[in-house]
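# Residue-level structural notes
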Amino acid sequence: MAQEQTNENNYVHYFKTAVALACIRSKPPGVSSRDYAENLCAQYRAAGDRWKQKYEEAERTILRLKQTQELQSSLNFSDLADLLPFVSFNNGPSQIQSEEPMQVDVEGSANQIKQNTDFLKSFLMLKQLKRELPHKITVDNTVHSTLLDSLYLVTKSIYQEEGVSIPIIRSSFQVISHLSAVMNKNFPLVEIQKLVQTVLERALESKTFERKQRKELILSLSEFLTPQTRHIVLDSSVAAVESFSAHLRTVNESETPLNTQKYENIYYVFDLLQIVLENYRSQSDNNSQKINFSHDADFQTLEILNQVAERLDKCVLYISDIFPLFVCKIWLIKDNFLLNLR
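Since this is a predicted model, take the numbers as computed values, not measurements.

Okay, the pattern of salt bridges next. Side-chain pairs of opposite charge can arise whenever the charged atoms involved come near each other. Summed over all chains, the structure comprises twelve salt bridges. In this structure, the salt-bridge partner of Asp313 is Lys334, at a minimum N-O distance of 2.6 Å. With a gap of 21 residues between them, Asp313 in helix H10 (residues 296–315) and Lys334 in helix H11 (residues 324–337) connect regions that are remote in the sequence. Taking relative accessible area as the criterion, Asp313 reaches 37% and is therefore assigned partly exposed.

Turning our eyes to something else, we now look at a nonpolar patch on the surface. The grouping of Tyr11, Val12, Phe15 and Val19 at the surface amounts to a nonpolar patch, some 400 Å² of accessible area in total. For Tyr11, the location among the structural elements is in helix H1 (residues 2–26).

Time to look at helix H5 (residues 166–182). In a regular helix each residue adds 1.5 Å, so 17 residues correspond to 24 Å; H5 covers 25 Å between its end C-alpha atoms and thus fits that length. Across the 17 residues that make up H5, a large majority, twelve, are buried. Those residues of H5 that fall on the buried side of the exposure criterion are Ile166, Ile168, Ile169, Ser171, Ser172, Phe173, Val175, Ile176, Ser177, Leu179, Ser180 and Val182.

Below, the discussion takes up the nonpolar core. Here is a general trend for soluble globular proteins: nonpolar side chains tend to be buried in one another's company. Ranked by size, the top nonpolar core spans 71 residues in total, and within it Leu179, Leu221, Phe224 and Phe326 carry the most contacts. Examining the composition of this core, we find that eleven residues originate from one element, helix H9 (residues 260–288), more than from any other.

So, about the packing of aromatic side chains. For the structure shown, the criterion picks out seven aromatic pairs. Relative to Phe270, the ring of Tyr267 has its centre 5.4 Å away and its plane inclined at 70 degrees; by these criteria the two rings are edge-to-face. Of the two residues, Tyr267 and Phe270 both sit in helix H9, three residues apart, roughly one turn of that helix. Across the pair, Phe270 and Tyr267 agree in class, each one buried. The side chain of Arg202 reaches across the aromatic face of Tyr159, ending 5.4 Å from its centre. Here Arg230 stacks its cationic end above the ring of Tyr280, 3.8 Å away from the centre of that ring.

This next bit is on the packing of helix H6 (residues 189–205) against helix H8 (residues 230–253). Relative orientation of the contacting elements H6 and H8 amounts to 35 degrees, with a least axis distance of 10 Å. Here the hand of the crossing between H6 and H8 comes out right-handed. Across the interface between the two elements, Leu189, Ile192, Gln193, Val196, Gln197, Leu200 and Leu204 from H6 touch Ile232, Val233, Ser236, Ser237 and Ala240 from H8. Among the residues making up the contact of H6 with H8, the classes are represented as eight nonpolar, four polar and no charged.

About the thresholds
Residues numbered from 1 in each chain as written. Predicted model: local features only at pLDDT ≥ 70, side-chain atom pairs only at ≥ 80, totals over all residues. Heavy atoms only, no water. Salt bridge = Lys/Arg side-chain N within 4 Å of Asp/Glu carboxyl O. Helix = DSSP H or I, 4+ residues; strand = E, 2+ residues; numbered from the N terminus. Buried < 20%, exposed > 50% of the residue type's maximum accessible area, 1.4 Å probe, protein only. Patch = residues over 30% accessible without salt bridge, like charges linked within 9 Å, V, L, I, M, F, W, Y side chains within 5 Å. Areas by Shrake-Rupley, 256 points an atom, 1.4 Å probe, with all protein chains shown as cover. Expected span 1.5 Å × (residues − 1). Core = buried A, V, L, I, M, F, W, Y, C linked by side-chain atoms within 4.5 Å. Phe/Tyr/Trp six-rings, centres within 6.5 Å; stacked < 30°, edge-to-face > 60°. Lys NZ or Arg CZ within 6 Å of the ring centre and 35° of its normal. Axes fitted to C-alpha atoms, helices over the stretch in contact; angles between N-to-C directions. Left-handed = near helix turned anticlockwise from the far one by under 90°. Contact = heavy atoms within 4.5 Å. Nonpolar A, V, L, I, M, F, W, Y, C, P; charged D, E, K, R; others polar.

What follows is the structure, encoded as structure tokens:
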């Protein structure tokens, strides 16, 4: 085993030496060694990026074909085709309605997200027409792959601020949330958490999005208020408030400048938090007018809400005098939130 490792290390060393000699011999006259080496590295990275892009495009082409095949195999009645959002069984780009963009609408990402959303809508609608909903369903690899691809594309477009329109993003959130309510297993909660955190981070920090767009982006997370995903929105919202509270304490205790843009945007997070807590309360009202401590699910909800109350209490420490509006907002939310425990 040790001999094999030694041989492998020697091979890597010889290979690196050969590449270095080849680079030295191919250096054109009049160019410094550093400039030539940096140019080679840049070309190598560019080539790698191109191949990565081609690979992702090929993956999405395959996924698009699988989506078409999935619906064609399930579509036994030709007159149902007009009822489905995924209406055209071809691989051309779908038409996107004129919608207010965040910046300049990026055709590629917008088309891909919309195609995935249309396929998932068609899948759910077809199951409904075949009377397979609202019972739990087991989704196949195509649906799961489409779901993961949508989460990746939306997260990437928001993180890189690519300019995909908010209506397209919100529509994607709606169908993903619907899937969370009907999927038996394998629903990607980790990817949902990453998406929610990315939305809050970029909307709070970005200087590219306009005020209305930041608000709409944060409030679009209210689409994820199903029993499977709402705890993620709740935890991430409280974490954002905690993080900004720590910033305010730093401002209060030192000469750190106040992040005024984030201060403005945090109130949109408060709005989202209010919506989430109202959802918890409305669910308990629909069930029994109050939380039933004897039920495991209700007891777990009580534990979650108590933890949120404790976290919010810590957010107001040492800042109530200098930032009274921020603290009062937390107190108002807590007062509304405590209704869930009565």
